[in-house]
Amino acid sequence: MVKFTDYISSCIIAKYADKYICYEDLNNALEVRGKAKLVGVDEFYNMLEVSYSTCKTFIDAWIDRLNNFHDSPDILSEAMELNQFAFVNQEALRKIIKKHDKQNPHAKIYISWRWRMDFLVTDQVLNLMFNVIKLKPDKAANAALVHHDPTTLTKQEDSFVRESTKYWVKTCDVAAVCLMLGQNLEAFVFDKKAANPKSPLCDVTSVYFDNENKDSFRERLAKSQGARCLRLRTYGNNQDSVSHNTKVWVERKVHHEKWSGQTSSKDRFCITGRDVMPLIRGMPMTVQQKNKMLCDEVQALIQERKMLPALRVEYDRIAFQGRDHDHVRVSLDLNMRLYRERTTHLDWYTEKRDLGLNDLIAFDHAILEIKLREPFIDTPPQFIRELCESTLVHKQNNFSKFTHATYAFAVQDGVVESMKLTKPLWWDEMQFISPQMPIEARENTAIVGIDTGANKGLQDDDRHWFAKMFMLGDQPVDENGKVLRVEPKVFFANERTFLSWFQTALLTCSIGVAVAAAGHFAVGGILILIGFIVAVYANLTYLQRTTSLVNRVASGYHDHFGPLMLSCVVISAFLTAFALSA
């Protein structure tokens, strides 16, 4: 088992060894406090403060140095080292504070440290990286930073079809992914009024609609033919600053199965902030003639399903695209936050000051989406193939921000079972582990954004069983290399099969008792014995299949013996009974 201390040791950059968070010393100080209740308390806090100050001061100085020396030949490699350095120290700080709070439930310090634990390095590294790429066009012939309107990245096409693939990216790997993309594609700097107008990051906000029964969620998750999803999207705005003149894009996505002969698509049109409430209320709208039919369809969908703004997803987006065409487009969404909307009949979004602590869930990974058009769908560019085959990304093609947010809040509220919501396929894989960090180094980490407490109180054997059932840890694969998934419905099917066998056993025993009571003791006794045999066999089969499902065994579920055995025993019993009664 690899301990977190060993993991940190393996990641340390030798020349900066004295600048890291002193995780081992802090851990020893905690152990001293655990043995002698009051001894070592001040020592731990002082050591934590000194270690944090040393690390934070060094990071700030490192960033200033990089910003002042763009012409350094090693600028990009140093930026990558800075990103890795900050990530390791953030993990060390998070884990030692979590361990402290576990030992001291009445003196927790996480709340006071939660904002200090984030060194906010990733955004600064990305800005630095793109500035360097722009200043060195000779080293990145195909890369450039160009100002662009985010709503026109599709060359003014309001209805378009692409081949899209989604991936998760660990926060510590974002800089490496951006470096690979930035050296081969244009990174767009969106036109917006911001503190740093040269930043490639653009704020994107999407408000999703659904009704109380979560019909949109159910359709999108099941990928039903014709499933529709409705959202409002703004670019470059904090949602609390939306004005009447803000551009709001109304987008309607439709999913089509391949057998239908149609292609899934996204259609949209633009309105202003003042027109959103009339749209929701079904009032007459003034839109371009080409968008009139789509606008009517959106209003009819809202009224028919009684849909309201249900969720809001905010994130920072970096968009990459080819210089002369948009046949290769890549977007990377960072710092994703999921909000629960609590709107009234007077508004279509909830101001953040009116949201509670349970109305926000953070998603720890970045979302990479690669969109290709012909002729690159079947033969992607070499750098795209290399990226997709690397350990920097984790494929999650079925991932949906809307579906994930809906299910995450349902889990948080404890209404999954009562609403009979299906778990998304990726839910049990949210803690995929990148090669830089072993599984053992992230023990006791909760599901992304949600502290479910699911592992609390489990013994080692129980934890092993629980991890296997819910796909935590190593994931078995079949002969084709595909991860073996076990849906909850499979367990329920096994239970239903057991109940059917048990009903057969109970019916047979009941008939045997009735026959024996009528004076045919031999016949009745045989039927009762058959019922006992069926009941025992049903239990053994149920336990065997449950064990196979928990361990995700790919074969061995077909029952060759049971039906034949039952048929032979019943026929023999009736022949014997007939012979005895003759």
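Caption draft 1: Region of interest: the overall build of the chain. Regarding its fold elements, the chain presents 17 helices and 13 strands. In the chain, of all internal contacts separated by at least 6 residues, the share reaching a separation of at least 24 is 71%. Accessible surface, the chain: about 30300 Å² in total, of which carbon and sulfur atoms supply 56%.

Caption draft 2: Spotlight on the pairing of strand 5 (residues 202-210). Of all nine residues in strand 5, eight are buried; the element is thus mostly enclosed. The sheet contact formed by strand 5 and strand 9 (residues 308-321) spans nine bridges and is antiparallel. Bridge pairing in strand 9 links S206 to V313.

Caption draft 3: View of the pattern of salt bridges. Here the structure, examined in full by the defined rule, presents 17 salt bridges. A salt bridge links D60 to K56; the nearest nitrogen and oxygen atoms lie 3.0 Å apart. Of this pair, D60 and K56 both sit in helix 3 (residues 41-68), separated by four residues, roughly a single helical turn. Owing to a relative accessible area of 22%, K56 belongs among the partly exposed residues under this scheme. Here E219 ties to R305 by a salt bridge, and the two come within 2.7 Å at their closest N and O atoms.

Caption draft 4: Highlighting the layout of surface pockets. Each pocket or cavity is described by its volume, and for the second largest pocket that value is around 420 Å³. When residues of the lining of the second largest pocket are traced back to their parent elements, those giving at least two are strand 9 and helix 12 (401-413). Here the residues of the lining of the second largest pocket are counted per class, giving eight nonpolar, three polar and eight charged.

Caption draft 5: Fine view of the nonpolar core. Membership of the largest hydrophobic core comes to 38 residues, with the highest contact counts inside it found for L48, I59, L82, F85, L93, I96 and W113. Mapped onto this core, the elements with two or more residues apiece are helix 1 (4-11), helix 2 (23-35), helix 3 and helix 4 (75-103). Top element by residues in this core is helix 4. It accounts for 11 residues. Setting aside anything within four residues of it in sequence, one finds F85 in contact with Y16, K19, Y20, C55, F58, I59 and W62. By size, the runner-up hydrophobic cluster in this structure holds 28 residues, among which are A310, V416, L421 and W426.

Caption draft 6: Spotlight on the packing of aromatic side chains. Applying the stated criterion to the full structure yields 18 aromatic pairs. Measuring from ring centre to ring centre gives 4.9 Å for Y407 and W427, while their planes differ by 75°; the resulting arrangement is edge-to-face. With a gap of 20 residues between them, Y407 in helix 12 and W427 in the loop between helix 13 (416-419) and helix 14 (460-469) connect regions that are remote in the sequence. For Y407, a relative accessible area of 5% puts it in the buried group. Taken together, the ring pairs connect Y16, Y20, F58, W62 and F85 into an aromatic cluster. One residue, R312, lies across the ring of Y339, its end atom 4.9 Å from the ring centre. One cation-aromatic arrangement involves K401 over Y315; the distance from NZ or CZ to the ring centre is 4.9 Å.

Caption draft 7: Molecular detail of the pairing of strand 12 (residues 366-372). Counting buried positions along strand 12 yields seven of seven residues, so the element is predominantly enclosed. Burial along strand 12 is two-sided: A366, L368, I370 and L372 and I367, E369 and K371, pointing in opposite directions, are all buried. Of the strand pairs in this sheet, strand 3 (residues 163-169) and strand 12 are connected by seven bridges, and their pairing is antiparallel. Opposite V169, over in strand 12, you have A366 as the bridge partner. Bridge analysis of strand 10 (residues 328-340) against strand 12 gives six bridges, and the strand direction is antiparallel.

Caption draft 8: Geometry of unusual backbone geometry. Of note in this structure, K306 is not a glycine but carries a positive phi near 55°. Structurally, K306 is set in the loop between helix 10 (292-305) and strand 9. With a relative accessible area of 68%, K306 lands in the exposed category. For N335, which is not a glycine, the phi torsion comes out positive at approximately 50°.

Caption draft 9: Spatial organisation of a nonpolar patch on the surface. A surface patch of nonpolar side chains, about 290 Å² in accessible area, is lined by L529, F532 and I533. Inspection of the secondary structure assignment puts L529 in helix 16 (residues 521-550).

Caption draft 10: Fine view of the environment of F87. Position of F87 among the secondary structure elements: in helix 4. Its relative accessible area of 13% is what places F87 among the buried residues. A C-alpha to C-alpha distance of 9.6 Å links F87 and D173, two positions 86 residues apart in sequence.

Caption draft 11: Spotlight on the packing of helix 7 (residues 174-182) against helix 11 (residues 382-389). Where helix 7 contacts helix 11, the two axes come as close as 10 Å, and the packing angle between them is 165°. Between helix 7 and helix 11, the angle is such that the two are roughly antiparallel. Helix-helix and strand crossings are classified by hand; for helix 7 and helix 11 the assignment is right-handed. Touching V177, M180 and L181 of helix 7 are F383, I384 and L387, all from helix 11. For the contact of helix 7 with helix 11, the per-class residue count stands at six nonpolar, no polar and no charged.

Caption draft 12: View of the side chain of D333. Along the chain, D333 falls in strand 10. According to the relative accessible area criterion, D333 is buried, its value standing at 1%. A distance of 2.7 Å separates the side chain of D333 from the side chain of R317, its partner in a polar contact. At 3.1 Å, the side chain of D333 forms a polar contact with the side chain of K401.

Cut-offs and rules
Residues numbered from 1 in each chain as written. Predicted model: local features only at pLDDT ≥ 70, side-chain atom pairs only at ≥ 80, totals over all residues. Heavy atoms only, no water. Helix = DSSP H or I, 4+ residues; strand = E, 2+ residues; numbered from the N terminus. Contact = heavy atoms within 4.5 Å. Areas by Shrake-Rupley, 256 points an atom, 1.4 Å probe, with all protein chains shown as cover. Buried < 20%, exposed > 50% of the residue type's maximum accessible area, 1.4 Å probe, protein only. Pairing = 2+ DSSP bridges. Salt bridge = Lys/Arg side-chain N within 4 Å of Asp/Glu carboxyl O. 1 Å grid on protein atoms, 1.4 Å probe; cavity = no way out; pocket = protein on both sides within 12 Å on 5 of 7 lines; lining within 4 Å. Points joined across faces, edges and corners; volume = space filled by probe spheres on them. Nonpolar A, V, L, I, M, F, W, Y, C, P; charged D, E, K, R; others polar. Core = buried A, V, L, I, M, F, W, Y, C linked by side-chain atoms within 4.5 Å. Phe/Tyr/Trp six-rings, centres within 6.5 Å; stacked < 30°, edge-to-face > 60°. Lys NZ or Arg CZ within 6 Å of the ring centre and 35° of its normal. Patch = residues over 30% accessible without salt bridge, like charges linked within 9 Å, V, L, I, M, F, W, Y side chains within 5 Å. Axes fitted to C-alpha atoms, helices over the stretch in contact; angles between N-to-C directions. Parallel < 35°, antiparallel > 145°, perpendicular 65-115°, else oblique. Left-handed = near helix turned anticlockwise from the far one by under 90°. Polar contact = N/O pair within 3.5 Å; in protein donor to acceptor, adjacent residues only side chain to side chain.

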